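Single-letter residue listing:
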Amino acid sequence: MYDNSPIVAISTATGKGAIGIVRISGKDLSILMMNLFGKKLDDRRVYYLPFKNTKNLIIDKGIAIFFKSPKSFTGEDILELQCHGGIVVIHEILNLCIDHGKDIGVRISEPGEFTKRAFLNGRIDLAQAEAIADIIDAVSIEASRSALIALSGEPSKVINKLSDEIIKLRVIVEANIDFSEEDIILIEKDKIITALEKISQNLTTFIEKTKQGITLKNGINVVIAGEPNVGKSSILNALSEEEIAIVTDIPGTTRDKIINEISINGILINIIDTAGIRESNDYIENIGIKKSLEEIEKADLILLIKDITEQKKPNIIFPNGVPIITVLNKADILEKKIHITKNDELIVSATKKIGLDVLRKTILETMGLNKTEESRWISRERHLFCLIDALDHIKTATIYTLEKNPQIDLIAEELRLSHKNLAKITGQFITDDILDNIFSKFCIGK
Ligand SMILES: Nc1nc2c(ncn2[C@@H]2O[C@H](COP(=O)(O)OP(=O)(O)OP(=O)(O)O)[C@@H](O)[C@H]2O)c(=O)[nH]1
Ligand SMILES: [Mg+2]
């Protein structure tokens, strides 16, 4: 049970602004409206009214809009007051809402409480609620667009479809619990295996999309690595279209890691330039090299830069599973016209700005984000963990089904657990502490 007393909050950002919005949500706001305006406002009508405090002093004049339950964001009555955006004014409006709302127990909302109510009242599911925070937190235009797709409920539709498939299969499996083992082997085994494989495939595809969605949310960490003097900092500068890092012909110029955020096709990329890796006796340079190796370990993608005129095999151990794009720099010296070698190495010139578009495109392609897909949505690690668990249970169910004498109750239990994990994403199955954890990260007033 949650405390469902009426809540109020300033919904606009802190600080001075042209307008400020105070929002109140509660089961029934009739008494509050009577206290504030001496009348009940009609649903979804725009009013221009004085906002008076309990001593009848006009604090401001502004717009009031009432959204009647259940057709409102929270599913409760909502009253929205738009006033001038002065810091003092807006706080006074907040206070007068609390004073006028004493009779019905109006209190200041907790972070994310409006959205939490929208979820608890069935206006949106949990994945959609999270998408609202993701729109607010979006770090790139693509992240914001994809969060909007998540808010529209597209990923939830896929999850619900997958859940339906699992439930259907559970019904088939459980219908066999009363039969003998031989019966199931004869009648249903192939059907169950086919259905499990299909669900497994669909889950795997969904997991891939979710990984991309997480990348969209967080941005891609691209680490530029290689030997000293190959042009790593020059590539950082060229991709940033700004002279950020110091470039000299002295090997060992860069020591500290240098991070810059760029956008490729609206997607956030954190480019990290690091110290060139080599055997060195220089104390400071060695600290830089250690930092480089740490960054390489954490990278989503590595750009391995080589000097095209003196290609050496760099003495770097790269982590497993992290994609690497090999870039042969200083192509202008050789006057090469091609952009990609037989070994998929990109040929560029940082100083002459040759091959940079191909490099940008390859970065997105390698991360699976090259196409502007209509159905790309933002995602969270929480969803990924639930999906991986859901897939694990389907795999275990498959192993049980393939056994010589399958135990129906074990298969049914695995299907139940798989479904439960999917239900966690949309919030049909969720514990209070997980909910609190999700909504506590929202801003106040949302
Ligand atoms: N001709 C040519 N020279 C380049 C190119 N890119 C970089 N250079 C030169 O190569 C030298 C080293 O460039 P940096 O960008 O500092 O190389 P780095 O890999 O960051 O070097 P460290 O920080 O020492 O590891 C500089 O003199 C650059 O001007 C290129 O595309 N063509
Ligand atoms: Mg450098």
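Residues numbered from 1 in each chain as written. Chains lettered and ligands numbered in written order. Predicted model: local features only at pLDDT ≥ 70, side-chain atom pairs only at ≥ 80, totals over all residues. Heavy atoms only, no water.

J.: I'd love a proper account of the domain arrangement of the protein, names of residues and values included.
T.: By a widely used convention, the size of an interface equals the accessible area lost when the partners come together. Per the domain assignment, the segments of the protein are domain 1 (7–125), domain 2 (139–215 + 378–430) and domain 3 (227–366). Centre-to-centre separation of domain 1 and domain 2, based on C-alpha positions: 42 Å. (Domains from an automatic or database assignment.)

J.: Break down the pairing of strand 10 (residues 301–307) for me, with residues and values.
T.: Burial runs high along strand 10: 7 of the 7 residues are buried. Of the two faces of strand 10, both are covered, the one formed by Leu-301, Leu-303, Ile-305 and Asp-307 as well as the one formed by Ile-302, Leu-304 and Lys-306. Note that strand 7 (residues 220–226) and strand 10 share 5 bridges and pair parallel. Looking at the pairing, Val-222 lines up with Leu-301 of strand 10. Direction of pairing for strand 10 relative to strand 11 (residues 324–329): parallel, over a ladder of 6 bridges. Counted as the bridge partner of Leu-303 is Ile-325 from strand 11. (Buried < 20%, exposed > 50% of the residue type's maximum accessible area, 1.4 Å probe, protein only. Helix = DSSP H or I, 4+ residues; strand = E, 2+ residues; numbered from the N terminus. Pairing = 2+ DSSP bridges.)

J.: Residue-level account of the coordination of the magnesium ion (ligand 2), with values.
T.: Donor atoms from the polypeptide that coordinate the magnesium ion (ligand 2) comprise Ser-233 (OG) and Thr-254 (OG1), at 2.0 Å from the metal. With Ser-233 in helix 9 (residues 232–240) and Thr-254 in the loop between helix 9 and strand 8 (258–264), this residue pair connects regions lying 21 residues apart in the sequence. A relative accessible area of 8% means that Ser-233 is categorised as buried. Thr-254 sits in the buried class, given a relative accessible area of 10%. (Donors = N, O, S within 2.8 Å, 3.2 Å for Na, K, Ca; no water.)

J.: Tell me about the site of ligand 1, and name the residues and values.
T.: Not every one of the 23 residues close to ligand 1 is listed here, only the nearest: Lys-232, Ser-234, Gly-252, Thr-253 and Asp-332. Take Gly-252: an N or O atom from its main chain is 2.7 Å from an oxygen atom of ligand 1. Here an oxygen atom of ligand 1 sits 2.8 Å away from a polar atom, N or O, in the main chain of Thr-253. Summarising the interface, the protein chains cover 88% of the accessible area of ligand 1, which totals 650 Å² for the free molecule. (Near = heavy atom within 4 Å. Polar contact = N/O pair within 3.5 Å; in protein donor to acceptor, adjacent residues only side chain to side chain. Areas by Shrake-Rupley, 256 points an atom, 1.4 Å probe, with all protein chains shown as cover.)

J.: Quick one: what's the story with the side chain of Thr-362, residue by residue and with numbers?
T.: You can see Thr-362 is positioned in helix 12 (residues 356–366). At 2.6 Å, the side chain of Thr-362 forms a polar contact with the backbone oxygen of Val-358. Filtering out sequence-adjacent residues up to four positions away, Thr-362 remains in contact with Ile-325 and Leu-346. (Contact = heavy atoms within 4.5 Å.)

J.: Give a detailed account of the sheet that holds strand 5 (residues 77–84), specifying residues and quantitative values.
T.: Spatially, 3-4-5-2-1-6 is the arrangement adopted by the 6 strands of the open sheet, whose pairing is mixed. Each end of this open sheet is capped by a strand with a single partner; those strands are strand 3 (46–52) and strand 6 (107–108). Relative to strand 6, strand 1 (residues 7–10) is paired through 2 bridges, and the arrangement is parallel. For Ile-7, the partnering residue across the bridge sits in strand 6 and is Arg-107. The sheet strands contacting helix 1 (residues 30–37) are strand 2 (19–26), strand 3, strand 4 (58–67) and strand 5, and the helix crosses strand 5 at an angle near 30°. (Axes fitted to C-alpha atoms, helices over the stretch in contact; angles between N-to-C directions.)

J.: Give a description of the nonpolar core that names residues and reports values.
T.: Counting 33 residues, the largest nonpolar core has Val-173, Leu-203, Leu-415 and Leu-422 as the members making the most contacts within it. Looking at this core, the elements with two or more residues in it are helix 4 (126–137), helix 5 (141–151), helix 6 (154–175), helix 8 (189–218), helix 13 (381–402) and helix 14 (408–426). Beyond its immediate sequence surroundings of up to four residues, Leu-203 is in contact with Leu-162, Leu-387, Ala-390, Leu-391, Ile-394 and Leu-422. Among the nonpolar cores identified, the runner-up in size contains 29 residues, and Ile-267, Leu-301, Val-348 and Leu-359 belong to it. (Core = buried A, V, L, I, M, F, W, Y, C linked by side-chain atoms within 4.5 Å.)

J.: How would you summarise the pattern of salt bridges if you had to cite specific residues and measurements?
T.: Within this structure, the stated rule accounts for 28 salt bridges. Of the charged contacts, one joins Arg-107 and Asp-3 as a salt bridge, the two residues approaching to 2.9 Å between their closest N and O atoms. Pair noted here: Arg-107 is in strand 6 and Asp-3 is in the segment before strand 1, with a separation of 104 residues, a long-range link. Looking at Arg-107, the relative accessible area reads 19%, which means it is buried. Judged by its relative accessible area of 43%, Asp-3 is partly exposed. Here Arg-278 ties to Glu-285 by a salt bridge, and the two come within 2.7 Å at their closest N and O atoms. Overall, the relative accessible area of 34% leaves Arg-278 in the partly exposed class. (Salt bridge = Lys/Arg side-chain N within 4 Å of Asp/Glu carboxyl O.)

J.: An account of helix 10 (residues 283–298) is requested, with residue identities and associated values reported.
T.: Counted at 1.5 Å a residue, the expected span for helix 10 with its 16 residues is 22 Å, and the 24 Å between its end C-alpha atoms agrees. Packing partners of the buried residues in helix 10 comprise strand 7, strand 9 (267–273) and strand 10. (Expected span 1.5 Å × (residues − 1).)

J.: Tell me about the packing of aromatic side chains, and name the residues and values.
T.: Throughout the structure, instances matching the rule amount to 4 aromatic pairs. Here Phe-206 and Trp-377 contribute two aromatic rings whose centre-to-centre distance is 5.9 Å and whose plane-to-plane angle is 45°, an arrangement assigned as tilted. Here Phe-206, found in helix 8, pairs with Trp-377, found in the loop between helix 12 and helix 13; they are 171 residues apart in sequence, far enough to count as distant. Taking relative accessible area as the criterion, Phe-206 reaches 5% and is therefore assigned buried. For the pair Phe-439 and Phe-442, a centre-to-centre distance of 5.2 Å together with 40° between the ring planes defines the contact as tilted. Using a relative accessible area of 2% as the deciding quantity, one classes Phe-439 as buried. Accessibility expressed as a relative area gives 7% for Phe-442, which makes it buried. The ring of Trp-377 is capped by Lys-209, whose NZ or CZ atom sits 4.4 Å from the centre of that ring. (Phe/Tyr/Trp six-rings, centres within 6.5 Å; stacked < 30°, edge-to-face > 60°. Lys NZ or Arg CZ within 6 Å of the ring centre and 35° of its normal.)

J.: How would you explain the side chain of Lys-232 if you had to name every residue and give the values?
T.: On the secondary structure map, Lys-232 appears in helix 9. Here Lys-232 is buried and forms no salt bridge, its nearest opposite-charge partner Asp-273 lying at an N-O distance of 5.7 Å. Not counting residues within four places of it along the chain, the set of residues in contact with Lys-232 comprises Ile-224, Ala-225, Gly-226, Glu-227, Asp-273, Thr-274, Ala-275, Gly-276 and Ile-305. (Lys, Arg positive; Asp, Glu negative; His and termini not counted.)

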